[in-house]
Amino acid sequence: MATTIKKPSGASPDTGERREKRRDVQGTGRLTAVLLSPVFLVLALVVGYPVLAAFRESLYQHKEGLDSSGFVVSGDTFSGLDNYTAIFSGDNAHVFWNAFWNTTFFTVAQVGIETVLGVAMALIMQRAFRGKGLIRASVLVPWAIPTAVSGLLWRWVFQADGIANSVIGQKVLWTTEGFHAKVAVIIADTWKTAPFIGLLVLAGLQMIPREVYEAAKVDGASALQQFRSITLPLVKPALMVAVLFRLLDTLRMFDLPFILIGAHKESVETLSMLALYEASNLRYGLGAAYATVLFLYIAVIAYVFVKLLGADIIGQARETRKADAKKPLLRRMKVSS
């Protein structure tokens, strides 16, 4: 005689499985938190504390005066948002806006040119030809040179009797005020950092299966169509990460224009240079305010870039890339059937 075992009323058949999964998830979460805690601690010390300290410093002003006995006294006094008001609408507001537009111009121009050249370099380095390894190694040389050394090198190139004027056959004072100073900075920075984008894009290109291009050739796609429909979509994650890094690096650019052109040059003065100039003159509150504004500007640009342009900085596009890679093959199979 068969007997049946009744389950308690209200109990779901997979209640035990759900509990086990919940325990596994909780255990994994605790382990992840423990393993990442040193990283968060280091970030709090080297990033969080300096940002908060700079913001606090930006709320104070260093003042000197005479006390009731006629002695000189000095100290920091709380001024609230007076430093920020002085930046945006004070007597020296034009200095800030000039540095702001210089920073933005350098970022747009340099990153745009470097992206185009970097993608072209990656496409060339990807092709199979004799001496490919030597070419890839030589591309690393400009990027490996320290920025200070690179600035001195290009300062020698752009001097009045330098190579640049010899090539163009004119006497241009590259390191003086004017638009030509901006051009000199853009050329020097592009020479140095375009290989960085090229190498990251090359790493993305090598992840694309060759079968995808072979299927596209069978479908009759031209080289331009392959580049637009296959190469760019599949290399987008690596390209977006490279562009994001270059955006953040260029927005805080300081050393190259400072060494190549010089200090206190309105044509190339950036927000980082303004912050250093104010701090060097013991106006720490105003310098911290410049640094805080620059930090917020960089944070906004990074957020907009990641959210609107879909920069894949955590590998979320991996599955999408695999699915996109299969589309030409599936299309070819449908046509053949």
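Residues numbered from 1 in each chain as written. Predicted model: local features only at pLDDT ≥ 70, side-chain atom pairs only at ≥ 80, totals over all residues. Heavy atoms only, no water.

Visitor: Please give an account of the overall build of the chain that cites residues and values.
Guide: Helix and strand counts for the chain stand at 13 helices and two strands. For the chain, with 337 residues in total, the buried portion stands at 33%. Carbon and sulfur atoms form 65% of the exposed surface of the chain, whose accessible area is close to 21100 Å². (Helix = DSSP H or I, 4+ residues; strand = E, 2+ residues; numbered from the N terminus. Buried < 20%, exposed > 50% of the residue type's maximum accessible area, 1.4 Å probe, protein only. Areas by Shrake-Rupley, 256 points an atom, 1.4 Å probe, with all protein chains shown as cover.)

Visitor: So what's going on with the environment of F96? Residues and values would help.
Guide: The residue F96 is located in helix α3 (residues 93-126) in this model. For the pair formed by F96 and E269, sequence separation is 173 residues and the distance between their alpha carbons is 9.4 Å. Those residues within four positions of F96 in sequence are excluded, and the remaining contacts are I87, F88, L271, L274, Y290 and V293. (Contact = heavy atoms within 4.5 Å.)

Visitor: Describe the pattern of salt bridges, and please don't skip the residues or the numbers.
Guide: Across all of its chains, the model carries five salt bridges by this definition. With a closest N to O distance of 2.7 Å, D249 and R246 form a salt bridge. With D249 and R246 both in helix α9 (residues 223-251) and three residues apart, this pair spans about one turn of that helix. When its relative accessible area of 3% is taken as the criterion, R246 is described as buried. Between E278 and R283 there is a salt bridge; the shortest N-O distance is 2.5 Å. (Salt bridge = Lys/Arg side-chain N within 4 Å of Asp/Glu carboxyl O.)

Visitor: Which residues make up the packing of helix α8 (residues 210-218) against α9, and what values go with them?
Guide: Axis angle and axis distance: for two packed helices, these are the angle between their axes and the distance between the axes, and together they describe the pair. Packing of α8 against α9 leaves a shortest axis separation of 11 Å and a crossing angle of 145 degrees. Viewed along their axes, α8 and α9 form a crossing whose handedness is right-handed. Contacts between α8 and α9 involve V212, Y213, A216 and K217 on the former and, on the latter, Q226, I230 and T231. Across the contact of α8 with α9, the residue classes tally to four nonpolar, two polar and one charged. (Axes fitted to C-alpha atoms, helices over the stretch in contact; angles between N-to-C directions. Left-handed = near helix turned anticlockwise from the far one by under 90°. Nonpolar A, V, L, I, M, F, W, Y, C, P; charged D, E, K, R; others polar.)

Visitor: Tell me what's going on with the packing of aromatic side chains, and back it up with residues and numbers.
Guide: On inspection of all chains with the given rule, the structure shows 15 aromatic pairs. Ring centres of F88 and F96 lie 5.1 Å apart, and the angle between their planes is 75 degrees; this geometry places the pair in the edge-to-face category. Looking at F88, the relative accessible area reads 38%, which means it is partly exposed. Each residue in the set F88, F96, W97, F100, W101, Y290 and Y297 is aromatic and connected to the rest through ring pairs, giving one cluster. (Phe/Tyr/Trp six-rings, centres within 6.5 Å; stacked < 30°, edge-to-face > 60°.)

Visitor: Explain the packing of helix α5 (residues 147-157) against helix α7 (residues 179-205) to me, and be specific about the residues and the numbers.
Guide: Look at α5 against α7: their axes get within 10 Å of each other, and the N-to-C directions meet at 135 degrees. Between α5 and α7, the interaxial angle falls into the category oblique. Once α5 is placed against α7, the crossing between them reads as right-handed. Contacts between α5 and α7 involve T147, S150, L153 and W154 from the former and I187, A188, W191 and K192 from the latter. (Parallel < 35°, antiparallel > 145°, perpendicular 65-115°, else oblique.)

Visitor: I'd like a rundown of the nonpolar core, residues and numbers included.
Guide: Grouped together as the largest cluster of nonpolar side chains are 25 residues, with contacts concentrated most on V201, I230 and L239. Mapped onto this core, the elements with two or more residues apiece are α3, α7, α8, α9 and α12 (284-309). Looking at this core, the element that brings in the most residues is α9, giving nine residues. Those residues in contact with V201 that lie beyond four places of it in its chain are V119, A122, V235 and L239. (Core = buried A, V, L, I, M, F, W, Y, C linked by side-chain atoms within 4.5 Å.)

Visitor: A description of the side chain of D189 should follow, citing residues and the corresponding values.
Guide: Within the secondary structure layout, D189 lies in helix α7. Within polar-contact distance, the side chain of D189 engages the side chain of Q110 at 2.9 Å. Filtering out sequence-adjacent residues up to four positions away, D189 remains in contact with Q110, E114, A194, R246, M253 and L256. (Polar contact = N/O pair within 3.5 Å; in protein donor to acceptor, adjacent residues only side chain to side chain.)

Visitor: Give me the lowdown on the side chain of T292, citing residues and values where you can.
Guide: Take T292: it is sitting in helix α12. Its relative accessible area of 11% is what places T292 among the buried residues. Apart from the residues within four sequence positions on either side, T292 is in contact with A54, F55, S58 and Y84.

Visitor: Account for unusual backbone geometry, with residues named and values stated.
Guide: Even without being glycine, H264 reaches a positive phi, approximately 60 degrees. Inspection of the secondary structure assignment puts H264 in the loop between α10 (255-260) and α11 (271-280). Positive phi is not limited to glycine here, since L282 has a value of about 65 degrees.

Visitor: Which residues make up a nonpolar patch on the surface, and what are the values?
Guide: Taken together, the side chains of L36, V39, F40, L41, V42, L43, L45, V46 and V47 make up a nonpolar region of the molecular surface, amounting to roughly 820 Å² of accessible area. Positionally, L41 belongs in helix α1 (residues 15-57). (Patch = residues over 30% accessible without salt bridge, like charges linked within 9 Å, V, L, I, M, F, W, Y side chains within 5 Å.)

Visitor: So what's going on with the environment of M207? Which residues, and what values?
Guide: Structurally, M207 is set in the loop between α7 and α8. For the pair M207 and L234, spaced 27 residues apart in the sequence, the C-alpha separation amounts to 8.7 Å.

Visitor: Explain the environment of A302 to me, and be specific about the residues and the numbers.
Guide: Tracing the sequence through the fold places A302 in helix α12. For A302, a relative accessible area of 19% puts it in the buried group. Placed 57 residues apart in sequence, A302 and F245 show a C-alpha to C-alpha distance of 9.2 Å. Those residues in contact with A302 that lie beyond four places of it in its chain are L244 and L248.

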